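Here is how the chains run, residue by residue.
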Amino acid sequence: MIPLRLEPDRVVSTVCPYCGVGCRVDLYVKDEKIYRVMAREGPPNYGALCVKGRFGLGFLGHRERLKQPLIRRRKGAQLEPVSWDEALDFAAGRLSKIAREHGPDALYFVSSAKASNEENYLMQKLARAAVGTHNVDHCARLCHSSSTAALSRSLGGAAMSNTIEEVGLADVILVVGSNTVETHPVIGAMIKKAAANGSFLIVADPRRTGLAEAAQLWLRLKPGSDAVLFGAMARHLVVSGRFDHPFVQKRVSGFREWLASVDGYTLDFAERGSGVPAAKIRQAAERYGAARAAAIYWAMGVTQHSHGTENVQSLINLALLTGQLGKPGSGLNPLRGQNNVQGAGDMGALPDVYPGYQKVSERRARKRWAALWHTRLPEGSGKTMTEAFESVERGALRGVYLMGEDPVTSEPYQDHVRRILDKLDFLVVQDILKNETFPYADVVLPAASFAEKHGTFTNSDRRVQRIRPALRPPGNAKADWWILSEMGRRLSARLERGRPQSWRYSGPEEVWREVRRALPEMLGGVSYDRLEREDLRWPCPNENSPGVSILFTKGFATADGKARMLPAPWKPPDETPDDAYPLVLSTGRVLYHWHGGTLSRRSELERVYPEMKVEVHPADAARYGVKDGESVWVASRRGRIQATVWVTDRTPEGVVFAPFHFAEQPANKLTLNAYDPTSKIPTYKYAAIRLEPLAEPTGES
Amino acid sequence: MSREPLVIDGYLLQASSGETILDAARRAGVEIPTLCQHERSGTKGLCRLCLVEVEGWRRPVPACATEAIAGMVVHTESEGLKRLRRVLLELLALETNLEHDKKAQGLLARYRARPERWGAPLADRREREPLQDNPFFAREYDKCYNCRRCLDACAEGIQGVWAYSFVGRGNKALPATPLDLPMAEAGCVFCGNCVQVCPTGALAPLEEVLLAEGER
Amino acid sequence: MPDRPLLLPLLDAALERRGRLEPADVESAAREARLPLAQAWEAVNFYPRYSEQKGKVRFLLVDDPVARARDWRELNNELEAAGRASGHEVATVFSQGLEALSPALVVADGADWRVFAPIRMADLRALALGKLPPQELQALPERLAGNQGWLFEDTEPPDFPGAAALIEAARSADLRGLGGAFYPVWRKLAAVRVQPEKEKYVIVNGDESEPGNFKDRWLMEHNPRLVWAGAALAARAVGATEVFFYVRGEYTAALARVEAAREELEASGYFEELATHTFRGGGLYICGEESALLESIEGRRAEPRLKPPYPAEAGLFGKPTLVNNAEALAHLALLAAHGAAAYKRRKPKLFSISGDVERPGVYELSLGTPLKSALESAGADTNRLAAVLLGGAAGTFLKIPDALDLPLDLSTPQLSGDSLGPGALVAFERGRDLWSVVEGITAFFASESCGKCFPCSLGAPHLHAAALRRERGPILDELFLTLEAGSLCGLGQAAPWALRSLLQRFEEVGS
């Protein structure tokens, strides 16, 4: 019995809007205010929450919520409030004009990992069916696209292979490049508890994170040296005969080629490359190799590198070698950053796949979707978001439709992004709050938040969960699914593609029915009705299926059913520190903020973490003469930002860590314009920088 | 899994091995009163309200912390237990501000408790000043009866953070922070899992406190 | 032992260095002991000495049943006056094992104590002028051993007779734990012995803190070798690797002598591979509860654990652990030295006899000795006695002469709801203020309650309030039941016994 001081008008069961854990919450509402957030018992969060979900929903009632559609009739004019019809007609007119004059590929559609499955489905349908381009993507490009790329080609599936509730079942847990206790705090706490209860926790991270402190074995690797570290671990297991020979023989291909590729990765070589003592590498390898069940969790520390795909591949190789897939407590588990990033990918908000990860390049898939949508579909892939933005300056890309995305804060090399946005002919910003991209918008469409609409989110371990409205949207704001369906109907009519009436949906459930009809093997059994009563995760092909928790128990989702080991060569970083820029910058998140800060910085969370602090090792602080609490310039070859120094040995010597949540001090102004060639993920975790005294403020460059 | 046949208040039932008397009784529809016990935080055995008698055993045992085993004959509502619970609840209500704790209020009614039988409150518990040292939740220890769920949730039970210390002894004991630091400096990560498990409202979301006070 | 230092010794070292604990000391002790700061802070707040500050002088009158029954109010008044005159704080402190020399005074400078006993009114008056009493006490005088006894003899540490033989001897001699619960020693030995773990512990419980008792203090101060010998034999019998001798925190002389004896035996090779430690206890009655004692060694608040598991299965640091009272382990050594048959003929047991007797002290008597002869061996004139507090604070008042024939064995007193406890006999002549004694006892329990379970932390202070009101109504029976049946450990369970026996057996005692 909850000791309430106020009787709620209603209690609404829904899902937390922050990270990919997908915590289930009850929102207590009185007089249109949420005054208490309680965790639900049961999976995935089992009665626990973190500060963001519990106390970070203040953005819902923030004064910068968008309440009215706005249009800018011509460049240079002011944004002016208009009716929904006028805004939608205006936007549809301009978008269709660009499509007619420059071709559909001159438009780009940025979907959102914060929006629901239904909305992501509609966004990619808008691009593909109504406009006729595969130019659609979402922010996972910036976080786990390298994971997706490596997992897809090796295993044929790009999601957590196992589940959150299995954390306690692993006898060895290997966490790589994930500050889990701050970025996925509920899972972080579960891992800590498992470690306290006897699981052997290995943490590979340059930073002394909360989890590193709780670990039995901490591998403080140099930033970007993952592939050599895990390559050497795997090689050591092979040469010492400690790998799962039957598993490799029966279920894996490419072993020999892979083995040849790690030929030189001795423990000593890896020590030189990664900075981790050989004895520790050996211990980690042997512990992992001897485990009954060993699980790997990883996040941005692995993926956000120009060789992110290789880094992930090195983890996949390790798991395949030891047979740590397809059984409880094992697996390859990328921790997803956004509430519905899994769903955004599942729903095909990607340039190369339709919903359900069906490749756009495959004829069968194209025919199938063309039939479902009653229209022709292009053959080649769309561009990735990072690539597309590069093409603006060449004039190839002219119009962008952003849903819940703020590229000025989140994209790398920020000044470049501002120039690109300035160059666009037409920009639609559909969002719940004013953000940094807002000044560049030609049309602003005010959206309803997660707490103001129905729909489904899919969390990091493939669990599909219902969200429900607790509040009315502010002003004239509308749910994204409604806006997209209205836009779809208009574009479909203007561009004469498909049937405009197929865009009339009674609500998200009708959209979801369309998704389930289109993806029966994956989601056929996941109905709104069942979600009221049951916990379901995909694949769930029919009404009687309970859903599948552990993937790959029998075969892999590849052509021959075998998983592929692939060489994952270690490459040196793109930019190395030198005399001019002697330090390495790594960017990331902190507990109290989230992504671009759009949500978290408009809540009470801002009060405990109001300013940008960069972590500087005590030795570096002494060397470069900066003090704790001092304000400095952090400068790279691309720009500089002001930040407060936090002298701490959390960060290793030679590395400065900066959170990227602060739009006014954007860490991404400093980062490289370098990408992983396979996944196009930007390098956020490695750039050469220096610290400069604030003494002579020269203004921003 | 082995089944353990036992009798609780005359009902013959099967407990699964490892199950507590409390859980076995609940499944049989016998509601043994509890205050401190919490599955998630792992708290148990402190409030002693769930004490039950097992035939042949010398002392009553806490149902929440005692495994149900084959052949037990358990009594959950003997006259002695009723009297014990009544006194416990009376002293609790005398010393603690239970205004938001509906569960305790229900138990006070169920056991016909009359706290005034014990005269004036002794301790300083009711005079404790509210603490407001963070922007997220309020700490009002006049309402706290030391069930320690908050401490357990913060430490081993859920979060693994150890931002709370239990200080003092006897009836002067209460949850506090290490070195009496403000929550933020005590290593608190403001997950609020302490608020989640608090049964008395001693820990409450600030939003709720402010909204409730605004109404008054 | 885990490869990290224990918290309490680290805190003690810091306290010793600086005279008080600063936050930085707590932080560094927590770091060294690899414990969360929150847990170190709990310990600092729990154990009284860590709140002391050097330079802060206090006069502490020792509150024990003997002092309580006599001129308690006058002593307090006199001390108050001395405090006012000298500007020092005045307070009371519970029994220091000095009942045989009562009344006693502690002059505390922070955590450093000087003890004076017995004191007179004149001494308190002199205190006001800055003069300390002349009769400063380091340890209990050896002469307090009031008769001849095996336990008083400095026996050569006996050879280990083998595990099976030792356990069998303990069984056939029916050796029991002697802290008050009388659990058969052989059962504990056997239970720990069968545990398969490599690491096991033996703990000597020397945390004698129950008012009325001081026999363990005498043993630790004057015959610690015998206790160590018993502990070492027990350790070898159960296959333990380490022994901790947990000495009551305030007993500084006992600590020093236990440690000296340890060093001597260590040097002589008696311990062989066994690691041995003298551990300074937390300084609270609850530390004597066996599982609370383990918690305190581990650096936590000394709070009793929920059982099962029992220490024999999961004790110190989760390892199988034998915990026995100091006297019981001394008996184990005697058993090995003299053989079970001789031991059984003698059935020795130490008694702490104090109050209105001619020669208060520690007596070795045979179990089963009638109360009358026990009292008389200490020179009591039983004709003048009205009551005897049997066991100690967690004991009961026996009415004299009704109880004079009661045999002092382990089982007979239990028939009437009494218990030998650790073996205290506090004698009261007619005219002594038994209500005042009960006020002291209930104050003791209210103050020593750890705060873990609700019945004790709420009930003990209400019991004390009732005693202060000299309450007699039937509502008290409900409180007695709540404490006795409801409390988690023996502290709360036994708290009402003295008051209840007073009300039941001494109707004439005025309220």
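Residues numbered from 1 in each chain as written. Chains lettered and ligands numbered in written order. Predicted model: local features only at pLDDT ≥ 70, side-chain atom pairs only at ≥ 80, totals over all residues. Heavy atoms only, no water.

Visitor: What is the right way to read the overall build of chain B from this model?
Guide: Counting its secondary structure elements, chain B contains six helices and nine strands. A globule of 216 residues ought to have a C-alpha radius of gyration of about 17 Å, and chain B, at 19 Å, matches this closely. The burial tally for chain B puts 63% of its 216 residues in the buried class. For chain B, contacts bridging at least 24 residues in sequence account for 57% of all contacts bridging at least 6. Of the accessible surface of chain B, which amounts to about 8,400 Å², a share of 51% is contributed by carbon and sulfur atoms. Chain B carries 28 positive and 30 negative side-chain charges, and their two centres are separated by 6 Å. (Helix = DSSP H or I, 4+ residues; strand = E, 2+ residues; numbered from the N terminus. Rg over C-alpha atoms; globule rule 2.2 N^0.38 Å. Buried < 20%, exposed > 50% of the residue type's maximum accessible area, 1.4 Å probe, protein only. Contact = heavy atoms within 4.5 Å. Areas by Shrake-Rupley, 256 points an atom, 1.4 Å probe, with all protein chains shown as cover. Lys, Arg positive; Asp, Glu negative; His and termini not counted. Charge placed at Lys NZ, Arg CZ, Asp CG, Glu CD.)

Visitor: Sorry, what's going on with the domain arrangement of chain A here?
Guide: Many analyses report the size of an interface as the accessible area lost when the parts associate. According to the domain assignment, chain A contains domain 1 (78-142 + 339-448 + 478-504), domain 2 (145-334) and domain 3 (583-693). Placing the centre of domain 1 of chain A and that of domain 3 of chain A at their C-alpha centroids yields a distance of 31 Å. (Domains from an automatic or database assignment.)

Visitor: How should the sheet that holds strand S10 (residues 348-355) of chain C be read in this particular structure?
Guide: Strand pairing within a sheet occurs via backbone hydrogen bonds; the two strands may be parallel or antiparallel. Residues and elements named next belong to chain C. Strand order in the open sheet formed by five strands is S11-S10-S14-S12-S13, with mixed pairing between adjacent strands. At either end of the open sheet lies a strand with only one pairing partner, and these are strand S11 (361-366) and strand S13 (396-399). Each strand axis lies, on average, 30 degrees off the axis of its neighbour in the sheet, ignoring direction. Summarising the sheet, strand S12 (residues 385-390) and strand S14 (residues 424-429) pair through five bridges and their orientation is antiparallel. Each bridged residue has a counterpart across the sheet, and for Leu385 the counterpart in S14 is Glu429. Sheet strands touched by helix H9 (residues 215-222): S10 and S11. Its angle to S10, the strand with the most contacts, is close to 115 degrees. (Pairing = 2+ DSSP bridges. Axes fitted to C-alpha atoms, helices over the stretch in contact; angles between N-to-C directions.)

Visitor: What's the story with the pairing of strand S3 (residues 105-109) of chain C in this structure? I'm lost.
Guide: Consecutive side chains of a regular strand alternate in pointing toward one face of the sheet and then the other. Residues and elements named next belong to chain C. Judged by how many residues are buried, S3 sits mostly within the fold: four of five residues are covered. Taken together, the five bridges between strand S1 (residues 57-63) and S3 define a ladder with antiparallel strand orientation. Pairing of Phe59 across the sheet is with Val107, part of S3. Linkage of S3 to strand S4 (residues 112-116), two consecutive antiparallel strands, is achieved through a turn of two residues, within which Gly110 is found at a positive phi near 60 degrees.

Visitor: When you look at the sheet that holds strand S20 (residues 463-467) of chain A in this model, what are you seeing that I'm missing?
Guide: Residues and elements named next belong to chain A. The strand order across the open sheet built from three strands is S19-S20-S21, with neighbouring strands paired in antiparallel fashion. Unpaired on one side and paired on the other, strand S19 (455-458) and strand S21 (536-537) mark the two borders of the sheet. With two bridges connecting them, S20 and S21 associate as antiparallel partners. When the bridges of S21 are listed, Arg463 appears paired with Arg537. Sitting on the sheet, helix H3 (residues 117-131) is in contact with S19 and S20, with an inclination near 90 degrees to S19.

Visitor: Would you explain the interface of chain B and chain A in this entry?
Guide: The partner chain A presents 35 residues to the 34 residues of chain B that form the contact. Around 3,100 Å² of area is buried between chain B and chain A when both sides are counted, 54% of it from carbon and sulfur atoms. Counting the surface chain B buries against chain A, the share from its top three residues, Phe136, Gln196 and Glu208 of chain B, is 22%. The partner of Glu208 of chain B in a salt bridge is Arg36 of chain A, with the nearest N and O atoms 2.5 Å apart. The interface formed by chain B and chain A holds 14 residue pairs in polar contact (both at pLDDT 80 or more) in total. Elements represented by at least two residues in the side of chain B that touches chain A include exactly helix H3 (102-110), helix H4 (149-157), helix H5 (193-197), strand S9 (203-205) and helix H6 (206-215) of chain B. (Buried area = accessible area lost by both parts, 1.4 Å probe. Salt bridge = Lys/Arg side-chain N within 4 Å of Asp/Glu carboxyl O. Polar contact = N/O pair within 3.5 Å; in protein donor to acceptor, adjacent residues only side chain to side chain.)

Visitor: Explain the nonpolar core to me, please; I cannot follow it from the model alone.
Guide: Counting residues in each nonpolar core, the largest one holds 267 residues, and the members touching the most others are Tyr401 of chain A together with Phe397 of chain C. Setting aside residues no more than four positions away along its own chain, Phe397 of chain C makes contact with Ala387, Val388, Leu389, Phe428, Leu434, Val437, Val438, Ala498, Ser501, Leu502, Arg505 and Phe506 of chain C. Grouped together as the second largest cluster of nonpolar side chains are 72 residues, Trp150, Val192, Phe214 and Leu255 of chain C included. (Core = buried A, V, L, I, M, F, W, Y, C linked by side-chain atoms within 4.5 Å.)

Visitor: Could you clarify how one ought to interpret the interface of chain C and chain B in this entry?
Guide: Contact residues are listed per partner, giving 40 residues for chain C and 43 residues for chain B. Surface buried jointly by chain C and chain B totals about 3,600 Å² across both partners, of which 65% is contributed by carbon and sulfur atoms. One can count two salt bridges joining chain C with chain B. Put simply, Arg148 of chain B and Glu303 of chain C hold a salt bridge, and the shortest N to O gap is 2.7 Å. Connecting chain C to chain B are 16 residue pairs in polar contact (both at pLDDT 80 or more). Per-class residue counts for the side of chain C that touches chain B are 22 nonpolar, eleven polar and seven charged. (Nonpolar A, V, L, I, M, F, W, Y, C, P; charged D, E, K, R; others polar.)

Visitor: What's the story with the environment of Arg248 of chain C in this structure? I'm lost.
Guide: Residue and element names in this part refer to chain C. Mapped onto the secondary structure, Arg248 falls in the loop between strand S7 (242-247) and helix H11 (252-268). Residue Arg248 is classed as buried on the basis of its relative accessible area, which comes to 3%. Residues Arg248 and Gln96, 152 residues apart in the sequence, show an inter-C-alpha distance of 9.8 Å. When neighbours within four sequence positions are excluded, Arg248 is seen to be in contact with Phe94, Ser95, Gln96, Gly97, Gly206, Asp207, Glu208, Ser209, Leu255 and Gly281. Within the local environment of Arg248, its side chain forms a polar contact with the backbone oxygen of Glu208, the two atoms lying 3.2 Å apart. For Arg248, the side chain forms a polar contact with the side chain of Glu250, separated by 3.0 Å.

Visitor: Any chance you could explain the environment of Glu543 of chain A here in plain terms?
Guide: All names here are of chain A. Relative to the helices and strands, Glu543 is located in the loop between S21 and strand S22 (563-564). You can call Glu543 partly exposed: its relative accessible area is 44%. Excluding residues within four positions of it along the chain, Glu543 makes contact with Arg516, Gly525, Ser527 and Arg530.

Visitor: Please clarify how the state of the cysteines should be interpreted in this entry.
Guide: Covalently bonding the sulfur atom of one cysteine to the sulfur atom of another cysteine gives a disulfide. Residues and elements named next belong to chain B. Summed over the entire model, instances satisfying the criterion amount to zero disulfides over all chains. The structure places no disulfide on Cys50, whose sulfur is separated from the nearest cysteine sulfur, that of Cys64, by 3.7 Å. Of all cysteine sulfurs in the structure, the one in Cys191 sits closest to Cys194, which takes part in no disulfide; the separation is 6.1 Å. In this structure Cys194 comes out as buried when scored by relative accessible area, which is 8%. (Disulfide = S-S within 2.5 Å.)

Visitor: Sorry if this is basic, but what is going on with the packing of aromatic side chains here?
Guide: Summed over all chains, the structure comprises 34 aromatic pairs over all chains. Look at Tyr265 of chain A and Phe269 of chain A: their rings are 5.5 Å apart centre to centre, the planes differ by 25 degrees, and that puts the pair in the stacked class. Accessibility expressed as a relative area gives 27% for Phe269 of chain A, which makes it partly exposed. Among the aromatic side chains, those forming a connected cluster through ring pairs are Phe55 of chain A together with Phe136, Phe137 and Phe190 of chain B. One residue, Arg690 of chain A, lies across the ring of Tyr581 of chain A, its end atom 4.4 Å from the ring centre. (Phe/Tyr/Trp six-rings, centres within 6.5 Å; stacked < 30°, edge-to-face > 60°. Lys NZ or Arg CZ within 6 Å of the ring centre and 35° of its normal.)

Visitor: When you look at the packing of H3 of chain A against helix H20 (residues 480-494) of chain A in this model, what are you seeing that I'm missing?
Guide: Relative placement of two packed helices is described by the angle separating their axes and the distance separating the axes. Residue and element names in this part refer to chain A. For the pair H3 and H20, the least separation of the axes is 9 Å and the interaxial angle reads 10 degrees. By the angle class used here, H3 and H20 are roughly parallel. Counted together, Glu119, Leu122, Met123, Leu126, Ala130 and Val131 of H3 and Asp480, Trp481, Leu484, Met487, Gly488, Leu491 and Ser492 of H20 form the full contact between these two elements. Class assignment of the residues belonging to the contact of H3 with H20 gives a composition of nine nonpolar, two polar and two charged. (Parallel < 35°, antiparallel > 145°, perpendicular 65-115°, else oblique.)

Visitor: Sorry if this is basic, but what is going on with the pattern of salt bridges here?
Guide: Opposite charge on two side chains allows them to pair when their charged atoms are near. If you walk through the whole model with that rule in mind, you get 106 salt bridges over all chains. Between Arg463 of chain A and Glu165 of chain A there is a salt bridge whose closest N-O contact spans 3.0 Å. Separated by 298 residues along the polypeptide, Arg463 of chain A in strand S20 and Glu165 of chain A in the loop between helix H4 (145-155) and strand S8 (172-176) bring together distant segments of the chain. Overall, Glu165 of chain A belongs to the partly exposed group, its relative accessible area being 30%. For the salt bridge of Arg117 of chain B with Glu478 of chain C, the shortest nitrogen-to-oxygen distance reads 2.9 Å. Taken as a pair, Arg117 of chain B in the loop between H3 and strand S6 (137-139) and Glu478 of chain C in helix H19 (residues 475-486) lie in two separate chains rather than in one. Like Glu478 of chain C, Arg117 of chain B is buried. Linked by salt bridges that have partners in common, Arg24, Glu165, Asp461, Arg463, Asp535 and Arg537 of chain A make up one network.

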